[in-house]
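Summary of structural features
What follows is each chain in one-letter form.
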Amino acid sequence: MLSWQSVFRCFGGISFRPLVLVVVCFSAVVQAEELADAEPRTAEQWLERLGPALNMTSYRGVFVYARGDQVSSLQIAHRYRDGMVEERLVLQDGGSGEIVRKGMRVVCVLPDQGRVQLDQVIPSGPFADAFSSQVTPVIRWYTPELIGEDRVAGYDVVKIGLKARDEHRYSHRLWLEKSSGLLVKSHVRSVHDDVLEHFQFTSLEITKNILDSELEVQTRGLEIERDLAKEPVTSPAPRMDGWVLRWQPEGFIAAAAPRSGKGQAVAFSDGLAAFSVFVEPAGRISMPTGASRIGATTVYINQLQAGDQPFMVTVVGEVPPTTAKRVAESVEIDDALAFETAER
């Protein structure tokens, strides 16, 4: 399934968070086949089912996504057949717009005042590719726990907690449908256990009977197409040219290099959460220093000097404001000329 964050980024609802399309890989298929006949008994075993289930379960439904005071809903049809994932998502409120994915080909039909950006860069959230491979990196930084059972959208589910092992990241709670392992609800929770972001199916039908007509573009408008197979999801060796990061939370490693205009940027991920650091020469308009937050996404801006040249540092991601602040204030410019070279 397309990560719900990427959906709202396409429709103009989220403009900062780095995201990724979940891709079916051979290891995920193998895991699904190995786990098909075994009833999970631990939180780790349920997490191993989650990645394959996101792609290999066929279903239709409507889900809502809430961050802060922003709430949106989308209709989805998702089919896995003959080794290929096909999916169509349609915005249910506000303007019109839809995303259709067939394998690695994605078409986004823009709403009246939306925008598209399909160059996803790194994993983030429960739809991250980390769940499609192995859970070991994730559980180093989060403690998995079986919380109990519940019902969501008419289906029996199991509740999984992922409690952050330190104060530098948020905790998560996941609701997985018992027969398939499909994620049907999730929370991002603060250190005080407040719900910062919320995803949930309000109607759901798990079925193999998804028609071809349900997966065709039906909205009129500007179509943007992208063949994701020809563009690497992550940069193999993201670089920090002209600046260094003196501190980052344990477990977060450089994962990609998002586009950053005239500046430079590197994204970091612990396999579940992610943040990006943008460093660029300051413009004529001074930006206020400090943090802002929508849901679980923090934006922290800091300004620093390198000789006579002012620079602006922006940290954006699904981390607490105190973490974003410490990261931003740990940036040091060690070669201001590197930024001039990058602009040429």
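Just so we're clear, the structure is a prediction, and the values are computed from it rather than from any experiment.

1. What to know about the overall build of the protein chain
- Per the secondary structure count, the protein chain includes 7 helices and 19 strands.
- Of the roughly 15700 Å² of accessible surface on the protein chain, a fraction of 48% belongs to carbon and sulfur atoms.

2. Here's the deal with the confidence of the model for the protein chain
- Looking at the protein chain, the pLDDT average stands at 78 and 71% of residues meet or exceed 70.
- Across the protein chain, the secondary-structure element scoring lowest on mean pLDDT is helix α2 (residues 26-35), at 38, and the one scoring highest is helix α6 (residues 321-329), at 97.
- A low-confidence stretch, residues 4-9 stays under pLDDT 50, and its non-local contacts, those more than four residues away or across chains, total 33 contacts.
- Taken together, the stretch residues 11-36 has pLDDT below 50 and engages in 86 contacts with residues farther than four places along the chain or on a different chain.

3. As for the packing of aromatic side chains
- Tallied over the full model, the rule gives 6 aromatic pairs.
- Arranged with centres 5.8 Å apart and planes meeting at 90°, the rings of Tyr 59 and Phe 201 form a pair that is edge-to-face. In this pair, Tyr 59 is assigned in strand β1 (residues 59-67) and Phe 201 in strand β10 (residues 195-206), connecting sequence segments 142 residues apart.
- When its relative accessible area of 0% is taken as the criterion, Tyr 59 is described as buried.
- Here the aromatic cluster, defined as three or more aromatic residues joined through ring pairs, consists of Tyr 59, Phe 63, Phe 199 and Phe 201.
- One Lys or Arg, Arg 169, reaches over the ring of Tyr 142 and ends 6.0 Å from the middle of that ring.
- Stacked on the ring of Trp 175, the Lys or Arg Lys 185 has its end atom at 4.4 Å from the ring centre.

4. What to know about the pattern of salt bridges
- Following the criterion strictly, the structure yields 15 salt bridges and no others.
- Residue Asp 166 pairs with Arg 169 through a salt bridge whose shortest N-O separation is 2.9 Å.
- Assessed through its relative accessible area of 4%, Arg 169 is described here as buried.
- With its nearest N and O atoms 3.2 Å apart, the salt bridge here joins Arg 189 to Asp 193.
- Here the residues in one salt-bridge network are Arg 79, Arg 81, Glu 86 and Asp 212, joined through shared partners.

5. Let's talk about the nonpolar core
- Trp 243, Val 277 and Val 279 are the most contacted members of the largest nonpolar core, which totals 58 residues.
- With 6 residues, the next largest nonpolar core counts Ala 265, Phe 278, Val 299 and Val 316 among its residues.

6. Overview of helix α3 (residues 43-56)
- Along its 14 residues, α3 runs 20 Å from first to last C-alpha, staying within 8% of the 20 Å computed at 1.5 Å per residue.
- In α3, a bend of some 30° at Leu 50 exceeds every other bend along the element, and Pro 52, a proline, comes one to four places later.
- Looking at α3, one finds that the buried residues are Ala 43, Trp 46, Leu 47, Arg 49, Leu 50, Gly 51, Pro 52, Ala 53, Leu 54 and Asn 55.

7. Section: the pairing of strand β7 (residues 155-164)
- Taking burial as the measure, the 10 residues of β7 include 7 buried ones, the bulk of the element.
- Note: strand β6 (residues 142-152) against β7, 10 bridges, orientation antiparallel. Residue pairing in the sheet places Glu 149 in a bridge with Val 158 of β7.
- From the end of β6 to the start of β7, which pair antiparallel, there are 2 residues, and Ala 153 there has a positive phi angle of about 55°.
- The pairing of β7 with strand β8 (residues 171-177) spans 6 bridges and is antiparallel. Note on β8: the bridge partner recorded for Val 158 is Leu 176.

8. With respect to the side chain of Ser 180
- Looking at where Ser 180 falls in the secondary structure, it is placed in the loop between β8 and β9 (183-189).
- Judged by its relative accessible area of 19%, Ser 180 is buried.
- In terms of polar contacts, Ser 180 uses its side chain to reach the side chain of Glu 177, at 2.6 Å.
- For Ser 180, the side chain forms a polar contact with the main-chain nitrogen of Leu 182, separated by 3.2 Å.
- Residues within four places of Ser 180 in sequence aside, it is in contact with Arg 49, Ala 53, Thr 57 and Ile 206.

9. Description of the environment of Tyr 300
- With respect to the helices and strands, the residue Tyr 300 is situated in strand β17 (residues 297-306).
- Here the alpha-carbon distance between Tyr 300 and Lys 325, two residues 25 residues apart in the chain, equals 6.1 Å.
- Those residues within four positions of Tyr 300 in sequence are excluded, and the remaining contacts are Thr 289, Gly 290, Ala 291, Val 313, Thr 314, Val 315, Ala 324, Lys 325, Ala 328 and Glu 329.

10. Looking at the environment of Val 184
- The topology assignment puts Val 184 in strand β9.
- Along the backbone, Val 184 and Leu 174 are 10 residues apart, and their C-alpha atoms lie at a distance of 8.0 Å.
- Residue contacts for Val 184: discarding those within four places in its chain leaves Val 152, Val 157, Trp 175, Glu 177, Phe 199, Gln 200, Phe 201 and Leu 204.

11. As for the environment of Glu 329
- With respect to the element layout, Glu 329 can be found in helix α6.
- Note: C-alpha distance between Glu 329 and Thr 314 (15 residues apart in sequence) is 9.9 Å.
- Contact partners of Glu 329, with chain neighbours within four places excluded, come to Tyr 300 and Asn 302.

Thresholds applied
Residues numbered from 1 in each chain as written. Predicted model: local features only at pLDDT ≥ 70, side-chain atom pairs only at ≥ 80, totals over all residues. Heavy atoms only, no water. Helix = DSSP H or I, 4+ residues; strand = E, 2+ residues; numbered from the N terminus. Areas by Shrake-Rupley, 256 points an atom, 1.4 Å probe, with all protein chains shown as cover. pLDDT = per-residue confidence, 0-100. Contact = heavy atoms within 4.5 Å. Phe/Tyr/Trp six-rings, centres within 6.5 Å; stacked < 30°, edge-to-face > 60°. Buried < 20%, exposed > 50% of the residue type's maximum accessible area, 1.4 Å probe, protein only. Lys NZ or Arg CZ within 6 Å of the ring centre and 35° of its normal. Salt bridge = Lys/Arg side-chain N within 4 Å of Asp/Glu carboxyl O. Core = buried A, V, L, I, M, F, W, Y, C linked by side-chain atoms within 4.5 Å. Expected span 1.5 Å × (residues − 1). Bend = angle between axes of the 7 residues up to and from the residue. Pairing = 2+ DSSP bridges. Polar contact = N/O pair within 3.5 Å; in protein donor to acceptor, adjacent residues only side chain to side chain.

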